[in-house]
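The residues making up each chain are set out below.
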Amino acid sequence: MKILITGASGYIGKRIIPILLEQGHTVVCAVRGQLRTQKKYEEEDNIQVIEADFLKPDTLKNIPKDIDAAYYLIHSMSNSIDQFHKMEEDCAINFKNYIETTNAKQVIYLSGITNDTKLSKHLLSRKNVENTLQSKIYVLTVFKAGIIVGSGSASFEIIRDLVEKLPVMIAPKWLNTKTQPISVRDVLTFLTRALGKKELFNTSHDIFGPEVLTYKQMLLKFSEVRGLKRYILTVPVMTPKLSSYWLYFVTSTSYKLASSLVNSMGIEIIGIKSNINTILDIKPMNYKNAIEFAFVRIETNSITSSWKDAFISGRQNKQASTKYLKVPKHGCFKDIKELTVISEEKTLEKIWAIGGENGWYYGTILWKIRGYIDKLFGGIGLRRGRTNKTELKTGDALDFWRVLVADKNQKRLILLAEMKLPGEAWLEFKVAKGKVYQRATFRPKGLAGRLYWYSVLPFHGFIFNGMIKKIANAK
């Protein structure tokens, strides 16, 4: 079949693409910009990447008419509460209107469990999208999942941060809320096995794991798997705002995502049983097994996708980041260095491994201090790390940077700063003709930007000199 994937650069989208390709399907990946297209897709014969923004109907003409089915994996949790409901509805309307003009016979939508009488604004929006996608031209198959557990998922990484950082937790009362977590492996199996399944045409099913757990129980079971003893005390005095700040400061989540999650976590996410497991011959794994499988991925450095690489984790959105692709030359402060390298290949490997657990090679304490300061002022700090220890892709998060260009053929890496700054900053590395070139560029905003540059200049001299020496001397 020829299948359209929307949200192709998202957490589920990235993971479902290789499964569909392995099954012999032709996959059309809809992205808002080629910025985040994985290079390996260019080498695949049965994959096509097209630019389409579902908020801009005119761009949808790039979607081929001869598709057989489509996955709707578009979510807008990162947008403001005042806007995301309207944006999600507009996306769904534009998607439906265009897909009805194609050959697509089935649309599969991944939503959230919405059985509670009191739903958060995000879950209400998911429910509204489901209603909007209903059509007389194509059939709709809806799966509603609760907490998805897998390497790189937002819920998994937040729980991991809490368990591994805090031996004792004084936590909000919503930790007693019940939910039914499901492994990302099982979610992907539901999504792929439903393709072309007539029994599921125009149906909606809740999908969930075999256990009903509170968030507190999930934390404690996670600590058991990790061999850690943890104590949790829940208190009734934390307001949603305080709870959001608690998650923000303790975990790697952004404040926007923390706020969205807190608004949803006070609501029980319990699925309604159906015969879906029998129809698709799936036996969802329990929570502990889901955690163990996630750590196999982590330990083998084979995480396919991470929420941290989504633009929700930083300050820029997808459209804003594309305008920064070309590093400016005028009206900027620059720190340019170059050194002869021992080995171009080893230097390139060193550049591609920068940041995260590998560190920034020199002045580590200063990088950490800058991260703490950024977090104190509402920024993201160094907490995101990196998804893969040795590989970088365009669009990846890298500590408090965003990867704009990661081209090993051209031996070039460009990073855009996502920390709080009175201006915009780029860090660029290039290897050519036996040398490594390192360029830091800062475009100040007003007097504050200029004062900032001069205040950090002495530290730049220390850090950047040491960093390029370590990179150039890689053996």
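Residues numbered from 1 in each chain as written. Predicted model: local features only at pLDDT ≥ 70, side-chain atom pairs only at ≥ 80, totals over all residues. Heavy atoms only, no water.

Q: Tell me about the nonpolar core, and please be specific about residues and values.
A: In terms of nonpolar packing, the biggest core is built from 36 residues, with Trp360, Trp401, Leu413, Leu427 and Met467 touching the most fellow members. For this core, the secondary structure elements donating two or more residues are helix H12 (344-352), strand S16 (401-407), strand S17 (412-417), strand S18 (423-432), strand S19 (435-444) and helix H14 (446-472). Here this core takes seven residues from H14, the largest share from any one element. Once you skip the residues sitting within four places of it in the chain, Leu427 turns out to touch Trp360, Trp401, Leu413, Ile414, Leu415, Arg439, Ala440, Phe464 and Met467. (Core = buried A, V, L, I, M, F, W, Y, C linked by side-chain atoms within 4.5 Å. Buried < 20%, exposed > 50% of the residue type's maximum accessible area, 1.4 Å probe, protein only. Helix = DSSP H or I, 4+ residues; strand = E, 2+ residues; numbered from the N terminus. Contact = heavy atoms within 4.5 Å.)

Q: Hey, could you go over the packing of helix H4 (residues 154-165) against helix H6 (residues 215-225) for me, with residue numbers and the actual values?
A: Two elements in contact, H4 and H6, have axes whose closest approach is 10 Å; the angle formed by their N-to-C orientations is 70 degrees. By the angle between their directions, the pair H4 and H6 is classed as roughly perpendicular. Judged by the twist between their axes, the crossing of H4 over H6 is right-handed. The residues of H6 that touch H4, namely those facing Phe156, Ile159, Arg160, Leu162, Val163 and Glu164, are Met218, Leu219, Phe222 and Ser223. When grouped by side-chain class, the residues that make up the contact of H4 with H6 number seven nonpolar, one polar and two charged. (Axes fitted to C-alpha atoms, helices over the stretch in contact; angles between N-to-C directions. Parallel < 35°, antiparallel > 145°, perpendicular 65-115°, else oblique. Left-handed = near helix turned anticlockwise from the far one by under 90°. Nonpolar A, V, L, I, M, F, W, Y, C, P; charged D, E, K, R; others polar.)

Q: Explain the environment of Val212 residue by residue, including any values.
A: Mapped onto the fold, Val212 is located in the loop between strand S11 (203-207) and strand S12 (213-214). Sequence separation between Val212 and Ile270 is 58 residues; the distance between their C-alpha atoms is 7.5 Å. The residues touching Val212, leaving out its near neighbours within four places in the chain, are Lys178, Thr179, Gln180, Gln217 and Ile270.

Q: Just give me the short version of the sheet that holds strand S14 (residues 333-340), but keep the residues and values in it.
A: The antiparallel open sheet is built from six strands, whose spatial order is S14-S19-S18-S17-S16-S15. Because the sheet does not close on itself, it has two edges, and the strands there are S14 and strand S15 (397-398). The pairing of S17 with S18 spans five bridges and is antiparallel. Residue pairing across strands places Leu413 opposite Phe429, the latter belonging to S18. (Pairing = 2+ DSSP bridges.)

Q: Break down the sheet that holds strand S2 (residues 26-31) for me, citing the residues and quoting the values.
A: The parallel open sheet is built from seven strands, whose spatial order is S3-S2-S1-S4-S5-S6-S11. Bordering the open sheet on either side are strand S3 (47-51) and S11, each of which pairs with just one other strand. Taken pair by pair, the neighbouring strands of this sheet meet at an average axis angle of 20 degrees, ignoring direction. Inspection of the sheet shows strand S1 (residues 2-5) paired to S2 by four bridges, in the parallel sense. Bridge pairing links Ile5 to Cys29 in S2. Along the sheet, helix H5 (residues 184-193) contacts strand S4 (69-72), strand S5 (106-112), strand S6 (139-145) and S11; its crossing angle with S5, the most-contacted strand, is approximately 155 degrees.

Q: Can you break down the packing of helix H13 (residues 364-376) against H14 residue by residue, with the values?
A: Running from N to C, H13 and H14 cross one another at 145 degrees; their axes reach a closest spacing of 10 Å. Pair H13 / H14 crosses with left-handed handedness. Of the residues in H14, those in contact with Leu366, Trp367 and Arg370 of H13 are Tyr452, Phe459, Phe462, Ile463 and Met467. Considered class by class, the residues forming the contact of H13 with H14 number seven nonpolar, no polar and one charged.

Q: How would you sum up the side chain of Arg230? Please name residues and give values.
A: Note that Arg230 resides in the loop between H6 and strand S13 (231-235). Of note is the side chain of Arg230, whose polar atom sits 2.5 Å from the backbone oxygen of Val163. Polar side-chain contacts of Arg230 include one of 3.1 Å to the backbone oxygen of Leu166. Apart from residues lying up to four places away in sequence, Arg230 is in contact with Val163, Glu164, Leu166, Pro167, Leu220 and Ser223. (Polar contact = N/O pair within 3.5 Å; in protein donor to acceptor, adjacent residues only side chain to side chain.)

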